[in-house]
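# A structural walkthrough
These are the residues of each chain, in order.
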Amino acid sequence: MVQEIVHPFSKYLRSAMMPHIWCPGCGNGIVLNCFVQALDELQEDLDKLVVVSGIGCIGRTAGYVNADSFHTTHGRPIAFATGVKLANPELEVVIISGDGDLFAIGGNHFIHAARRNIGLKVVCANNFNYGMTGGQQGPTTPLEALTTTTPYGNIEHPFNLIHLAAASGATYVARWTTLHARRLTQSIKKMLDKEGFCFIEVISPCPEIFGRYNKMRSGLEMMEWFKRASVVDNFSVPSKAEITPEKIVVGEFVNIEKASYEKLLHEKISQINEQKVEW
Amino acid sequence: MSKKSALLTGMHFLNGDVACAEGAIAAGCRFFAGYPITPATEIAEHLSERMPEFGGIYIQMEDEIASIAAVIGASYAGLKSMTATSGPGFSLMQENIGLAVMTETPCVVVDIMRGGPSTGQPTLPGQQDVMQAKWGSHGDYGIVALAPSSVQEMFDLTVEAFNLSETYRVPTLLMGDEIVAHMWEKVVIPSVSQLRIVNRKKPNVSPEKYGPFVPDDDLVPPMACFGEGYRFHATGLTHDEHGYPRTQSSKDQSELVTRLCEKISRSADKIIKVQEVMLEDADVVVVAYGIVARSALSAVRKAREAGIKAGLLRLITLWPFPEKHVAESAKQAKAVVVAEMNCGQMVREVERAAKGTSVVFLSKLGEEPHTPAEILEVIRGNI
């Protein structure tokens, strides 16, 4: 009698959606694994969790997690999630999406949600290019990197997402690579327990596309780059956290307390209605 | 409840935007996201004051794309939701109106039409977005769009728009115009118990058996909301009845998109509303909607006084298009006159439905709608 082997995390995943669409060596599976590990360690109530993703490879994550989930149009997961969180503040609303989705087409939504300090938890898998469409240049593509649309080398300066998130007002900002799986899991746990807008950037390997054009043809080679270049430096200056081939500063950058939009909103609603009774 | 937070009832003197905002509250709307734009801004301003009084949410988003996205999110989290805009914002919203169609999200989008294209004439009226209402987002879909002609209808049709959106799980568009939005008129608001309010149907199966896009006989699936324990998935991708992506399947694409069209077209008779005035024996039928219909009514009455058998078919529902009503009234008529504040949009639908009866189009752009005299002249010329 062969016993059916059940993965310990299977209850967190939709088996009907497996196998996933991700390439060998892709880091998205590690992001999902760390997220699910954090849910498990926190014993999160899956009935009160909403996972939202936009378009791109990592955008399929929403469909893989066994919670309420929504896969939006390109760039709009944060705007959609704003409506969810305000309509029902009891829900834990997590956005898991990519660098192009969140910072090119969706960049405006990111900075304004951070400015408002809405209690959204954002995980960005940054793979330095548009993987789903075959490897075009994006807002985080490093200078001189080769992509299908920068065949002579990228001349656009990339975003430093840590600096952007910190300057926009996020209460929690961290960066890890997929090599730092345990620390990423701990960061996700911290983020889920915090009030306000939180952001974690995960540097994620895309060996099949980005790596192939940039002399890192396997997942292992990309992970070796992360190992060689990454420096853990907690609470270092966000403006100096630019990613270069030689150095990827990782760690926590921001962890502050600030009243969330939804808290201020509901306090205001209570005040308005108390005043009225006094009239 | 304090006096101020009570729903408005009885007789009031309001402008159209405020009447629309009050209609939304009366319909049970508790989430508004928007972005300032003339001539729809007063809807947002009024709701920023009124929503908190009902425990509802008002938020000004960073643009109209975000506004409609937040509206869809709030609807999925269980609140009746609305946004309001004008042409430039309506253009930005088309992307996520498509998402609302695809994910069958009940929500209301108010477009107070001004002169276009582009920035156009922000403070002047237009009816140039009515084809965009039907065809503005890519792909095939059914949608519902209503055209108020008075401040009273800015209230009544906002309530109706919520009812239709909840019934058919479809974004419902209120296509007002600058004049109807900004003019002040008497509005009579029924008491809460007299208003017909429709809420989306909920699933009556356990979460394990729930498929978020399994339709009932009316082609509309019952809707669970986030946080209710159903743990369902929804996506803008072509999907099956479980909401799971089916991007390579011709069968799923055909079934889903056909249903999205047919859930509206099959119920068209229930959805469509028109006003018919003196059509029984009309030799000349005037077709109009929105503010123009008021001039048209005046013109028809003047024609009757002059012994001309004229009648008015006022389109209250623009989409689904009332083609049976047009066909019926055109059958015995010598001519159909269509007056619109655009270069000829709904007239194309009228021509299709009027089959053979001659259709005359009367365009007007800019500050004023057609005068009754201008419409009367065309009636006289087509007896």
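Residues numbered from 1 in each chain as written. Chains lettered and ligands numbered in written order. Predicted model: local features only at pLDDT ≥ 70, side-chain atom pairs only at ≥ 80, totals over all residues.

The next subject is helix 1 (residues 28–42) of chain A. Residues and elements named next belong to chain A. In this model, helix 1 (15 residues) spans 21 Å end to end at C-alpha, consistent with the 21 Å of a helix rising 1.5 Å per residue. Those residues of helix 1 not exposed but buried are Asn28, Ile30, Val31, Leu32, Cys34, Phe35, Val36, Gln37, Ala38 and Leu39. Following helix 1 by one or two positions, Gln43 adopts a phi angle in the positive range, close to 50°. (Helix = DSSP H or I, 4+ residues; strand = E, 2+ residues; numbered from the N terminus. Expected span 1.5 Å × (residues − 1). Buried ≥ 20, exposed ≤ 12 C-beta atoms within 10 Å, placed from the backbone.)

Moving on, we get to the sheet that holds strand 3 (residues 92–98) of chain A. With mixed pairing, nine strands are arranged side by side in an open sheet as 7(A)-8(A)-5(A)-6(A)-4(A)-3(A)-1(A)-2(A)-10(B). A single partner strand is all that each edge strand has here, and the edge strands are strand 7 (230–232) of chain A together with strand 10 (233–235) of chain B. Strand-to-strand twist across the sheet, computed as the mean angle between neighbouring axes with direction ignored, equals 20°. Pairing of strand 1 (residues 49–53) of chain A with strand 2 (residues 68–71) of chain A, which is carried by four bridges, proceeds in the parallel orientation. What sits directly across from Val50 of chain A, in strand 2 of chain A, is Asp68 of chain A. Running at roughly 175° to strand 3 of chain A, helix 3 (residues 77–87) of chain A makes contact with strand 1, strand 2, strand 3 and strand 4 (121–126) of chain A of the sheet. Against the sheet, helix 9 (residues 219–229) of chain A contacts strand 5 (172–177), strand 6 (198–203), strand 7 and strand 8 (248–255) of chain A, and its axis sits at roughly 45° relative to strand 7 of chain A. (Pairing = 2+ DSSP bridges. Axes fitted to C-alpha atoms, helices over the stretch in contact; angles between N-to-C directions. Contact = placed C-beta atoms within 7 Å.)

To continue, consider the domain arrangement of chain B. All names here are of chain B. What the domain assignment reports for chain B is domain 1 (10–194) and domain 2 (275–380). Computed from C-alpha atoms alone, the centre-to-centre distance between domain 1 and domain 2 is 26 Å. Tallying the contact residues gives 22 residues for domain 1 and 22 residues for domain 2. Broken down by secondary-structure element, the contributors of at least two residues to the side of domain 1 that touches domain 2 are strand 6 (121–125), helix 5 (130–135), strand 7 (144–146), strand 8 (171–177) and helix 7 (178–182). The dominant element in the side of domain 1 that touches domain 2, judged by the number of residues it contributes, is helix 5, at four residues. (Domains from an automatic or database assignment.)

We now examine the nonpolar core. Core analysis: the largest hydrophobic core is formed by 206 residues, its most contacted members being Val84 of chain A together with Val286, Ala296, Leu318, Val336 and Val338 of chain B. Filtering out sequence-adjacent residues up to four positions away, Val84 of chain A remains in contact with Val50, Leu91 and Val93 of chain A together with Gly73, Ala74, Tyr76, Ala77 and Phe226 of chain B. (Core = buried A, V, L, I, M, F, W, Y, C linked by C-beta atoms within 7 Å.)

As a further point, take the interface of chain B and chain A. Contacts between the two partners involve 40 residues from chain B and, on the opposite side, 38 residues from chain A. Breaking the side of chain B that touches chain A down by element, the ones donating at least two residues are strand 2 (29–34), strand 3 (57–60), helix 3 (64–76), helix 4 (87–102) and strand 10 of chain B. With nine residues, helix 3 of chain B is the single largest residue contributor to the side of chain B that touches chain A. Partitioned by chemical class, the residues of the side of chain B that touches chain A number 23 nonpolar, 11 polar and six charged. As defined by bridge partners, strand 2 of chain A adjoins strand 10 of chain B across three bridges and the pair is classed as parallel. For Phe70 of chain A, the partnering residue across the bridge sits in strand 10 of chain B and is Ala234 of chain B. (Nonpolar A, V, L, I, M, F, W, Y, C, P; charged D, E, K, R; others polar.)

What follows deals with the confidence of the model for chain B. Where the model shows low pLDDT, its predicted coordinates should not be examined in detail. On average, residues of chain B carry a pLDDT of 97, and 99% of them reach 70 or more. Our summary of model confidence lists the complex with pTM equal to 0.97 and ipTM equal to 0.97. (pLDDT = per-residue confidence, 0-100.)

Attention shifts here to the pairing of strand 8 of chain A. All names here are of chain A. Of all eight residues that make up strand 8, six are buried, and the element is covered over most of its length. As defined by bridge partners, strand 5 adjoins strand 8 across four bridges and the pair is classed as antiparallel. Looking at strand 8, one finds that Val173 is bridged to Val254. The sheet contact formed by strand 7 and strand 8 spans three bridges and is parallel. The residue of strand 8 that forms the bridge with Ser230 is Ile248.

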